[in-house]
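# Chain and residue survey
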Amino acid sequence: MKKVKLMTKFWPINKPLPDDIEKWLEDLEAKGWNLSKPSLGAFLFHFVKGEPRRIRYCYDYQSKRDREYERIFTDLGWTLIYYSCGTYIWSMEYDGERPEAFSDYDSLISRNKRLISMFTGSFAAFPAILIALSNNLDFRAPMSLLFAVFLSAMYLFGAYTTTKLYQANKHLELIKRQKG
Amino acid sequence: MNIEIAIKAYLPMSETMYYILLSLTEERHGYGIMQHVERLTEGRIKLGAGTIYNSLSKLEKDRLIKAVAEDERRKIYVITGTGRTVLGAEIKRLKELYENGKEHEGV
């Protein structure tokens, strides 16, 4: 019996923009690492070793689950492979030209804006979480300390990603203006 | 949205917005719009799913289009009076561009 090779990777922290994540997943697919399932709010990605595939991934965020949005994507040939708390990951197998879910600057800019508001929303919740926890946390206990470190790391990661998203949008706005 | 404000906000129009509004002079759903635009432009413009959804939401919010029916849980849209006025203003602008360009053809 052939042994099934599995791999789990954490979200690529150094390249956190949606385009980066899509490209990262597509490159792994091209090497035969087929995405089986993201988990933990799409922070962990699980892969199974198989055949190389040409797959286009699309990473998106919507503030609420929206049937009309999903209908348009499935009508245009996309398969929903993951949904959790607003995060959508779509995939499409293709032969010729790499398909795009966002074919103009405006929709790319608004996707980044949705992600920015998602991250800043989480920031707003962060102090509240800390205050709520501070009553229960005993910082001499190793697990509590580990948890505090983990939360702070997530906070920093969120801040870094938000900055990157702002920069990406500034760049997109500039190209849009030059073309208009 | 007030017509003057809408014209100011939408003109000059992106190709995406222009072709979506043009498609909605007849009742269509998202997928129908994509097919129609691909036909009109002979395959040059392939509207992405996210772009169509994004544009329809914006146009509906600004009342340039409205949802008129649902077919197998697909929303069907059509252009409104405001939408026609804004589209008309853009066509006028494009005509001016075209006429002026024509004079300089071959230069």
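Our structure's up above, just so we're on the same page.
What counts and how
Residues numbered from 1 in each chain as written. Chains lettered and ligands numbered in written order. Predicted model: local features only at pLDDT ≥ 70, side-chain atom pairs only at ≥ 80, totals over all residues. Heavy atoms only, no water. Salt bridge = Lys/Arg side-chain N within 4 Å of Asp/Glu carboxyl O. Helix = DSSP H or I, 4+ residues; strand = E, 2+ residues; numbered from the N terminus. Buried < 20%, exposed > 50% of the residue type's maximum accessible area, 1.4 Å probe, protein only. Contact = heavy atoms within 4.5 Å. Pairing = 2+ DSSP bridges. Axes fitted to C-alpha atoms, helices over the stretch in contact; angles between N-to-C directions. 1 Å grid on protein atoms, 1.4 Å probe; cavity = no way out; pocket = protein on both sides within 12 Å on 5 of 7 lines; lining within 4 Å. Points joined across faces, edges and corners; volume = space filled by probe spheres on them. Nonpolar A, V, L, I, M, F, W, Y, C, P; charged D, E, K, R; others polar. Buried area = accessible area lost by both parts, 1.4 Å probe.

### Observations regarding the pattern of salt bridges
Overall, the coordinates contain 19 salt bridges over all chains when judged by the stated rule. Its salt-bridge partner being A:Arg67, residue A:Glu70 comes within 3.5 Å of it at the nearest N-O pair. In this pair, A:Glu70 and A:Arg67 are both assigned in helix 2 (residues 67-75), 3 residues apart and thus about one turn of the helix distant. Judged by its relative accessible area of 10%, A:Glu70 is buried. For B:Arg74, the salt bridge identified is with A:Asp75, shortest N-O distance 2.5 Å. Of this pair, B:Arg74 sits in strand 2 (residues 74-79) while A:Asp75 is found in helix 2, placing the two residues in two different chains.

### Notes on the side chain of A:Glu22
For A:Glu22, the location among the structural elements is in helix 1 (residues 18-30). Excluding residues within four positions of it along the chain, A:Glu22 makes contact with A:Arg56, A:Tyr57, A:Cys58, A:Tyr59 and A:Arg111.

### Thoughts on the sheet that holds strand 6 (residues 87-93) of chain A
Residue and element names in this part refer to chain A. With antiparallel pairing, the 3 strands of this open sheet are ordered in space as 4-6-5. Where the open sheet ends on each side, the last strands, each with one partner, are strand 4 (55-61) and strand 5 (79-84). Put simply, the sheet's adjacent strands are angled 15 degrees from each other on average, direction ignored. Judged from the 7 bridges that link them, strand 4 and strand 6 form a sheet pairing that is antiparallel. Of the residues in strand 6, the one forming a bridge with tyrosine 59 is isoleucine 89.

### Things to note about the sheet that holds strand 2 (residues 33-39) of chain A
Residue and element names in this part refer to chain A. Spatially, 1-3-2 is the arrangement adopted by the 3 strands of the open sheet, whose pairing is antiparallel. The strands lining the two open edges of the sheet, one partner per strand, are strand 1 (6-10) and strand 2. In this sheet, adjacent strand axes meet at a mean angle of 25 degrees when their direction is disregarded. Here strand 1 runs beside strand 3 (residues 44-49); their pairing, made up of 5 bridges, is antiparallel. Paired with leucine 6 across the strands is valine 48, a residue of strand 3. Along the sheet face, helix 1 touches strand 1, strand 2 and strand 3 and points at about 15 degrees away from the line of strand 3.

### Concerning the layout of surface pockets
The space that makes up the largest pocket amounts to roughly 1,300 Å³. Lining the largest pocket are 48 residues, with A:Ser103, A:Asp104, A:Tyr105, B:Glu15 and B:Thr16 positioned closest to its centre. Elements with a contribution of two residues or more to the lining of the largest pocket: strand 6, helix 3 (105-134) and helix 4 (142-179) of chain A together with helix 1 (3-10), helix 2 (15-23), helix 3 (30-40), helix 4 (49-61) and helix 5 (81-103) of chain B. When residues in the lining of the largest pocket are grouped by element, the largest group, 5 residues, is from helix 2 of chain B. In terms of residue class, the lining of the largest pocket is made up of 22 nonpolar, 7 polar and 19 charged. Here the second largest pocket defines a volume of roughly 610 Å³.

### So, empty space enclosed by the protein
Under the definition given, this model contains 1 cavity of 30 Å³ or more. Considering only enclosed or pocket space, the largest cavity measures out at about 40 Å³ in volume. Looking at the largest cavity, the residues that line it are A:Glu68, A:Arg71, A:Ile72, A:Asp75, B:His29, B:Gly30, B:Tyr31, B:Arg74 and B:Lys75. Secondary-structure elements contributing two or more residues to the lining of the largest cavity are helix 2 of chain A together with helix 3 and strand 2 of chain B. With 4 residues, the single largest contributor to the lining of the largest cavity is helix 2 of chain A. Considering only residue class, the lining of the largest cavity consists of 2 nonpolar, 2 polar and 5 charged.

### Observations regarding the pairing of strand 6 of chain A
Each regular strand displays side chains that alternate between the two surfaces of the sheet. Residues and elements named next belong to chain A. For strand 6, the tally of buried residues reaches 6 of 7 residues, placing the bulk of the element in the interior. The pairing of strand 5 with strand 6 spans 5 bridges and is classified as antiparallel. Considered in strand 6, the bridge of leucine 80 is made with tryptophan 90.

### A word on the pairing of strand 4 of chain A
For strand 4 of chain A, the tally of buried residues reaches 7 of 7 residues, placing the bulk of the element in the interior. The alternating pattern of strand 4 of chain A places A:Ile55, A:Tyr57, A:Tyr59 and A:Tyr61 on one face and A:Arg56, A:Cys58 and A:Asp60 on the opposite face, and all of these are buried.

### Concerning the interface of chain A and chain B
In this complex, chain A contributes 21 residues to the contact, which on the side of chain B involves 20 residues. Summing both partners gives a buried area of about 1,600 Å² for chain A against chain B, and 51% of it is carried by carbon and sulfur. For the chain A face of the interface with chain B, the top three residues by lost area are A:Glu68, A:Arg71 and A:Leu76, together amounting to 33%. Linking chain A with chain B are 1 salt bridge.

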